[in-house]
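Chain and residue survey
Chain by chain, the residues:
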Amino acid sequence: SNSFSRLLKMSLKDWFLIIFLLILAYFPIFWKLDSHSLYHWDEARNALNANEMYFNGNYLVRHYMGAPDQWETKPPLLTWLQVSSLKMVGFNELAIRLPIALFALGTVLMIFFFFRNVLQDSAAGFFASLTLVTTNGYIHYHVARNGDHDTVLIFFLVALLLSFYRYLQEDTIFRGLLCGLLLA
């Protein structure tokens, strides 16, 4: 409720910055997200894992060609989210990429609100977030517009780093536990 009350107490300038940031972030992250077919290797393999999980109902072990996948051994969070997206959006490229795009947007918003709430500088948060969302290495192939694990990892690493900063400032058990959870 503390975070929600802070959100309601945002100044008009902060509301303008966040709305403008969301509009600007929409284009590099979401615009025509499904306009090209799946990329070979990782994205296609993740889509096949999600497809098989959707049909075989085994939510603990990823499968490839009907057998447990021995090549893709990352935690199944992304696959679970892609299966959920397949159920909501249907079997297409958007369903595979949408969870990643939402993590990318979450990272952008996390950076903005960290600067606004912790460092008390909304303008710096806006420009830091805008820098991330316009960086070709983040937006381009294999990261924020691709159904691969990298954006999920970046989201949790940024959350860990920002939480660790807060832990160093506050030194509370909650912050320490949150850092440990994010590290896991």
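Residues numbered from 1 in each chain as written. Predicted model: local features only at pLDDT ≥ 70, side-chain atom pairs only at ≥ 80, totals over all residues. Heavy atoms only, no water.

So, on to the overall build of the chain. Along the chain, the regular secondary structure elements total nine helices and two strands. A principal-axis box enclosing the C-alpha atoms of the chain has dimensions of 50 × 40 × 30 Å. Looking at the 184 residues of the chain, the share that counts as buried comes to 39%. Accessible area of the chain: about 10600 Å², with a carbon and sulfur share of 68%. With 13 positive and 13 negative side-chain charges, the chain shows a separation of 8 Å between the mean positions of the two kinds. (Helix = DSSP H or I, 4+ residues; strand = E, 2+ residues; numbered from the N terminus. Buried < 20%, exposed > 50% of the residue type's maximum accessible area, 1.4 Å probe, protein only. Areas by Shrake-Rupley, 256 points an atom, 1.4 Å probe, with all protein chains shown as cover. Lys, Arg positive; Asp, Glu negative; His and termini not counted. Charge placed at Lys NZ, Arg CZ, Asp CG, Glu CD.)

Bringing a nonpolar patch on the surface into the picture now. Where nonpolar side chains cluster on the molecular surface, the patch consists of Leu12, Trp15, Ile19, Ile23, Tyr26, Phe27 and Trp31 and spans about 750 Å² of accessible area. The topology assignment puts leucine 12 in helix α2 (residues 12-30). By relative accessible area, leucine 12 is classed as exposed at 73%. (Patch = residues over 30% accessible without salt bridge, like charges linked within 9 Å, V, L, I, M, F, W, Y side chains within 5 Å. Salt bridge = Lys/Arg side-chain N within 4 Å of Asp/Glu carboxyl O.)

Before going further, it helps to examine the nonpolar core. A general feature of soluble globular proteins is that nonpolar side chains tend to end up buried together. Formed by 25 residues in total, the largest nonpolar core has its most connected members in Ile29, Val133 and Tyr138. Here the element with the most residues in this core is helix α5 (residues 93-117); it accounts for seven residues. Other than its neighbours up to four places away in sequence, valine 133 contacts Ala25, Pro28, Ile29, Val108 and Ile139. Ala50, Leu86, Ala95 and Ile96 belong to the second largest nonpolar core, which has seven residues in total. (Core = buried A, V, L, I, M, F, W, Y, C linked by side-chain atoms within 4.5 Å. Contact = heavy atoms within 4.5 Å.)

A word on the confidence of the model for the chain. Averaged over every residue, the pLDDT of the chain is 92; the share at 70 or more is 97%. When pLDDT is averaged over each helix and strand of the chain, the minimum, 70, is found for helix α1 (residues 2-8) and the maximum, 97, for helix α4 (residues 77-89). (pLDDT = per-residue confidence, 0-100.)

So, about the packing of α5 against helix α8 (residues 150-170). For the pair α5 and α8, interaxial distance at closest approach is 8 Å and the crossing angle is 20°. With respect to each other, α5 and α8 are oriented roughly parallel. As for the relative orientation of α5 and α8, their crossing is left-handed in sense. Of the residues in α8, those in contact with Ile100, Phe103, Ala104, Gly106, Thr107, Met110, Ile111 and Phe114 of α5 are Thr151, Val152, Ile154, Phe155, Phe156, Val158, Ala159, Leu162, Tyr165 and Arg166. A per-class count over the contact of α5 with α8 returns 14 nonpolar, three polar and one charged. (Axes fitted to C-alpha atoms, helices over the stretch in contact; angles between N-to-C directions. Parallel < 35°, antiparallel > 145°, perpendicular 65-115°, else oblique. Left-handed = near helix turned anticlockwise from the far one by under 90°. Nonpolar A, V, L, I, M, F, W, Y, C, P; charged D, E, K, R; others polar.)

Quick look at the side chain of arginine 97 now. The residue arginine 97 is located in helix α5 in this model. The exposure class of arginine 97 is buried, given its relative accessible area of 0%. Aside from chain neighbours lying at most four places away, what touches arginine 97 is Leu33, Asp34, His36, Ser37, Leu38, Tyr39, Glu43, Arg145, Asn146 and Gly147.

Before going further, it helps to examine the environment of serine 129. Here serine 129 lies in helix α6 (residues 122-133). Taking relative accessible area as the criterion, serine 129 reaches 0% and is therefore assigned buried. Every residue in contact with serine 129, bar those within four places of it in the chain, is listed here: Leu21, Val108, Ile111 and Phe112. A polar contact is formed between the side chain of serine 129 and the backbone oxygen of valine 108, at a distance of 2.9 Å. One polar contact links the side chain of serine 129 to the main-chain amide nitrogen of phenylalanine 112, over a distance of 3.2 Å. (Polar contact = N/O pair within 3.5 Å; in protein donor to acceptor, adjacent residues only side chain to side chain.)

Here we take up the packing of aromatic side chains. As enumerated under the stated definition, the model contains 17 aromatic pairs in all. Considering the side-chain rings of phenylalanine 114 and phenylalanine 115, the 6.1 Å spacing of their centres and the 90° angle between planes classify their relative orientation as edge-to-face. Overall, the relative accessible area of 12% leaves phenylalanine 114 in the buried class. When the ring of phenylalanine 114 is compared with that of tyrosine 165, the centres are 5.4 Å apart and the planes differ by 80°; the resulting orientation is edge-to-face. One end of the pair, phenylalanine 114, is in helix α5; the other, tyrosine 165, is in helix α8, with 51 residues separating them in the sequence. Following the ring pairs from residue to residue traces out a cluster consisting of Phe16, Phe20, Phe126 and Phe127. The side chain of arginine 45 reaches across the aromatic face of tyrosine 64, ending 3.6 Å from its centre. (Phe/Tyr/Trp six-rings, centres within 6.5 Å; stacked < 30°, edge-to-face > 60°. Lys NZ or Arg CZ within 6 Å of the ring centre and 35° of its normal.)

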